[in-house]
Amino acid sequence: MIRYEFVPRAQPSTGALVIVPILTVALSILCGTALFYILDKPAGVAFYAFFIEPFLSNYTLSEIAIKAAPLILIAQGLAIGFRARVWNIGAEGQLTIGAICAGLIPITWPQSDNVLMLPAMILVGALTGMVWAAIAAALRTAFNASEIIVTLMLNAIAAQILVYLINGPLKDPRGFSFPQSVPFPDVALYPLLIEDSFLRANVSIYIVLALSLLAWIYVRHSFSGFRLLVSGLAPAAAHYAGFSSNRAVWISLLVGGAAAGLAGVGEISGPIGKLQPILSPAYGFAAIIVAFLGGLNPIGIVVAGFFMAVIYVGADGAVLSAGLPASAPIVFQGLILVFYLASHTLVNFELRRIGGTKGTA
Amino acid sequence: MDMIVFILTGAFATATPLLLAALGELVTEKSGVINLSVEGMMALAAAMGFATVYTTGSYLLAFAVAAGLAMLLSIVFAALVLIFSANQVASGLAAGILGLGLSALLGREYESFTLQAPSGLSVPNLSNIPVLGSILFEQDIVVYLTVTTGLCLMWIIQHSRAGLILRVVGEDPHIAHNLGFNVLRVRFLAILFGGFMAGLAGAYASTILTPIWSQGMILGRGWIALALVVFGTWRVLRVMIGAYLFGALLLADLAVQTLNLGIPSQVMTSMPYVMTIIVLAIVSRNALRIKLNAPVSLGQSYRPGQ
């Protein structure tokens, strides 16, 4: 009887680190295509719409930039926590709170032409996203409450707060009873990459890339980044070295919350331009996948973020041209994470063939 | 008074999906594995359970299909954590996202469809006892079966050989291995049981409790079930009591909304989530109690021979 077994490697394989994302994407595409086939959709057409069409027009390229920005930004923040094994699942809620609080500024002064409005919104959005995440950090450090469950519950609460506000106090009186705020003035919006065009891409993508560089420097070259990594990988060792695990929880959640809050500003000051019931197509959850697919590495996350953005844009197209259901991309995201976690085993383990023996497992 | 009886009666039903899922997760966690995909498993089961009743009319078949699909998803999770030694939190999220996606995909043709509510199975004679009769004996059969399952589990975990093996594996997989138990097999079965129960929970939610299908109808109840296991400090009876209290809370929100007290409905909708956070903080606060009751190896992956 021939069987295979995972044998631990002495050192993590760097080659596998490169192969894993490629293998993941290949397996997900294969499985996804099989799914389209089962759904009775022309697999070739769906594949073309998903992965080729997004690259074919200026409009879709600009949409990729629009969607990559929040995904990369949130994922960079989450990855800092994930490396320290602090599980912030609440980016969606932090995004929502950041957007609501930042949105109060243009809603209060809708006629303003003060150029400081956008910087103020950025500041408020990041800070309030941070505050929302701080609830989870405080409950975890003071009461030992699972940050996973707390951040998740805070998502649901943030969504209810948004619905309440835009149906009540923040509702646009001239909005034909639509649940939405007044449209924001120009000074509340990110400048477009190409002015006076129909392309919606704006300068937020540059800010995100600059922050990604910062994240890379933090992770690679700062002692604080190293301490976080140690407290995730070897909590006992971190404890003996005097690295506080509470500190890791606080840093992880505050950075994650700030990034998500900033991403919230990116949405309301970017493609949306007001507050409305749905601010994000679940960027907060997709960013979890982006963080992992990027190997929790700031550079990898940029690549993974663009890839995920292609899926979002491709899915929009595939819904129209291949008649694909709108939920297909969520399935696809799930597949990516499952295959990533499975193939990531190759980094620390070697698949060895054990021929003829009965094996010990 | 009527309102109180209504809540006390209805709480059994609203608690049932929470309790089913929480009992399954409790067994999984007792083996040392935390499976965060409960919400996804419940959603997938709810979608297909609904579709099965809608097309065939058979509740039995619906519960079987739902449990089977949730178990399939739990096998995906089990493969990740047991074969590939992947991180349990990340694997649970992965399986959960997959489940939520599949539920939306498979349920899309049934969006906003409704089923006729099944007639309750009340216990004759006893249900005529005033107040208590209607509270205790006018429930549907799944409620009784769930409570019975809970009581059985309580005995199995504490007093049977299978329960002992489960606890040993969860406390220290290395000792369990040295005692000759197959740790991975025990954990696999425990994960599978968690999937089975989450499947029943999803089917109950979409076909009996609120027989309307809409995407996202599970509304975080899978996560509340996960929190319930912590509330109950991994003890079956406490989890059962916790589930009933949360069932009452979910129902009280609905009841208060109908009273029109001028409280925004969003405040009431948020209440279960706020309560989950508060109770979680209060229960977790006693680190010693958590430490004494939580399975020691919870969340750690195990490879034989290490």
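One numbering rule holds for all chains: residues counted from 1, following each sequence as written. Working convention: letters from A go to chains and numbers from 1 go to ligands, in the order in which they are written. Per-residue local features of the predicted model are confined to residues with pLDDT of at least 70, and side-chain atom pairs are confined, for both listing and counting, to 80 or more; whole-chain, interface and lining totals are unaffected and use all residues. Side-chain numbers here rest on the full set of heavy atoms in the structure, without hydrogens or water.

Visitor: Would you take a moment to explain the overall build of chain B for this structure?
Guide: A count of helical and extended segments in chain B gives 13 helices and zero strands. Helix and strand labels come from DSSP, where a helix needs a run of H or I of at least four residues and a strand needs a run of E of at least two; each type is numbered from the N terminus. Secondary structure of chain B in N-to-C order comes out as α-α-α-α-α-α-α-α-α-α-α-α-α. Scaling as 2.2 N^0.38, a compact globule of 306 residues should have a C-alpha radius of gyration of about 19 Å, and chain B matches this with 19 Å. Sequence-distant contacts, at least 24 apart, represent 78% of the contacts inside chain B between residues at least 6 apart. Every radius of gyration here is taken over C-alpha atoms, with the globule rule written as 2.2 Å times N^0.38, N being the number of residues. We call two residues contacting when some pair of their heavy atoms lies within 4.5 Å.

Visitor: Sorry, what's going on with the side chain of Ser 212 of chain A here?
Guide: Structurally, Ser 212 of chain A can be placed in helix 7 (residues 204-221). Since its relative accessible area comes to 4%, Ser 212 of chain A is described here as buried. Only protein chains enter the accessibility calculation, which uses a 1.4 Å probe; a residue is then buried when its area is under 20% of its type maximum, exposed when over 50%, and partly exposed in between.

Visitor: I'm lost on the nonpolar core in this one. Help?
Guide: What tends to happen in soluble globular proteins is that the nonpolar side chains get buried as a cluster. One finds Ile 74, Met 121, Leu 275 and Phe 292 of chain A to be the most contacted residues of the largest nonpolar core, which totals 213 residues. Not counting chain neighbours up to four residues away, the residues in contact with Phe 292 of chain A comprise Phe 82, Trp 87, Leu 337 and Tyr 340 of chain A together with Ala 90 of chain B. Put simply, a nonpolar core is a bunch of buried Ala, Val, Leu, Ile, Met, Phe, Trp, Tyr and Cys residues held in one set by side-chain atoms that sit within 4.5 Å of each other.

Visitor: When you look at the packing of aromatic side chains in this model, what are you seeing that I'm missing?
Guide: Note on aromatic pairs: each is described by the distance of the centres and the angle between the planes. Residue and element names in this part refer to chain A. A pair of Phe, Tyr and Trp rings is counted when the ring centres sit within 6.5 Å of each other, with Trp represented by its six-membered ring. The angle between the planes then sorts it: under 30 degrees is stacked, over 60 is edge-to-face, the rest tilted. Within this structure, the stated rule accounts for 18 aromatic pairs over all chains. Between Phe 51 and Phe 332, the ring centres sit 5.7 Å apart and the planes meet at 50 degrees, which makes this aromatic pair tilted. Taken as a pair, Phe 51 in helix 2 (residues 43-52) and Phe 332 in helix 13 (residues 328-348) lie far apart in primary sequence, 281 residues in all. The same class applies to Phe 51 and to Phe 332, which are both buried.

Visitor: What is the right way to look at the interface of chain B and chain A in this model?
Guide: Interface size is often expressed as the accessible area that is lost when the parts come together. Counting from both sides, the interface comprises 40 residues of chain B and, opposite them, 40 residues of chain A. Per-residue buried area on chain B facing chain A is highest for Ile 97, Gln 266 and Ile 277 of chain B; these three make up 16% of the total on that side. Salt-bridge detection follows one rule: a side-chain nitrogen of Lys or Arg within 4 Å of a carboxyl oxygen of Asp or Glu. In this structure, the connection of chain B to chain A is made through zero salt bridges. In protein, a polar contact requires one atom able to donate a hydrogen and another able to accept it; more generally it is a pair of N or O atoms within 3.5 Å, and residues adjacent in sequence count only if both atoms are side-chain atoms. Between chain B and chain A we count four residue pairs in polar contact (both at pLDDT 80 or more) in total. Elements supplying a minimum of two residues to the side of chain B that touches chain A: helix 3 (59-83), helix 4 (88-107), helix 10 (221-231) and helix 12 (265-285) of chain B. Looking at the side of chain B that touches chain A element by element, the count peaks at 12 residues for helix 4 of chain B. Charged means Asp, Glu, Lys or Arg here, nonpolar means Ala, Val, Leu, Ile, Met, Phe, Trp, Tyr, Cys or Pro, and polar covers whatever is left, Gly included. Of the residues assigned to the side of chain B that touches chain A, the class counts are 26 nonpolar, 11 polar and three charged. We define buried area as the total accessible area lost by two parts upon association, computed with a 1.4 Å probe and summed across both.

Visitor: Hey, could you run me through the confidence of the model for chain B in this one?
Guide: In low-pLDDT regions, the fine details of the predicted coordinates are not to be read closely. Summary of the metric used: pLDDT quantifies the predictor's per-residue confidence within the range 0 to 100. For chain B, the mean per-residue pLDDT works out to 91, and 94% of the residues sit at or above 70. Here the prediction assigns the complex a pTM of 0.93, and the interface score ipTM is 0.92.

Visitor: Looking at this structure, how should I read helix 7 (residues 161-171) of chain B?
Guide: For an α-helix the count is 3.6 residues per turn, leaving residues at separations of three or four pointing the same way. Residues of helix 7 of chain B that are buried: Gly 163, Ile 165, Leu 166, Val 169 and Gly 170 of chain B. Here the buried residues of helix 7 of chain B occupy an arc of 160 degrees about the axis, which is enough to place them on one side. The arc under discussion is defined with respect to the helix axis, by the directions toward the C-beta atoms.

Visitor: I tried to follow helix 2 (residues 38-56) of chain B on my own but got confused; where do I start?
Guide: Residues and elements named next belong to chain B. The span expected for a helix works out to 1.5 Å for each residue beyond the first. The first and last C-alpha atoms of helix 2 sit 26 Å apart over 19 residues, in line with the 27 Å expected at 1.5 Å per residue. Of all 19 residues in helix 2, 16 are buried, a share of seventy percent or more. Just downstream of helix 2 lies Gly 57, where phi reads positive at about 80 degrees.

Visitor: I would appreciate a short explanation of the environment of Ala 94 of chain B in the present structure.
Guide: Along the chain, Ala 94 of chain B turns up in helix 4. What makes Ala 94 of chain B buried here is its relative accessible area of 0%. Excluding its chain neighbours within four sequence positions, the residues that come into contact with Ala 94 of chain B are Gly 334, Leu 337, Val 338 and Leu 341 of chain A.

Visitor: So what exactly am I meant to see when it comes to the pattern of salt bridges here?
Guide: Pairing between side chains of opposite charge can happen when their charged atoms approach one another. All names here are of chain A. The final tally for this structure, using the stated rule, is four salt bridges over all chains. In this structure, Glu 147 and Arg 140 form a salt bridge, with 2.9 Å as the shortest nitrogen-oxygen distance. Accessibility expressed as a relative area gives 5% for Glu 147, which makes it buried.

Visitor: Would you explain the environment of Ala 225 of chain B in this entry?
Guide: All names here are of chain B. Examined against the element boundaries, Ala 225 turns out to sit in helix 10. Its relative accessible area of 0% is what places Ala 225 among the buried residues. Placed 130 residues apart in sequence, Ala 225 and Ala 95 show a C-alpha to C-alpha distance of 17 Å. In this structure, Ala 225 is in contact with Leu 18, Ala 21 and Ala 22, ignoring residues within four places of it in sequence.

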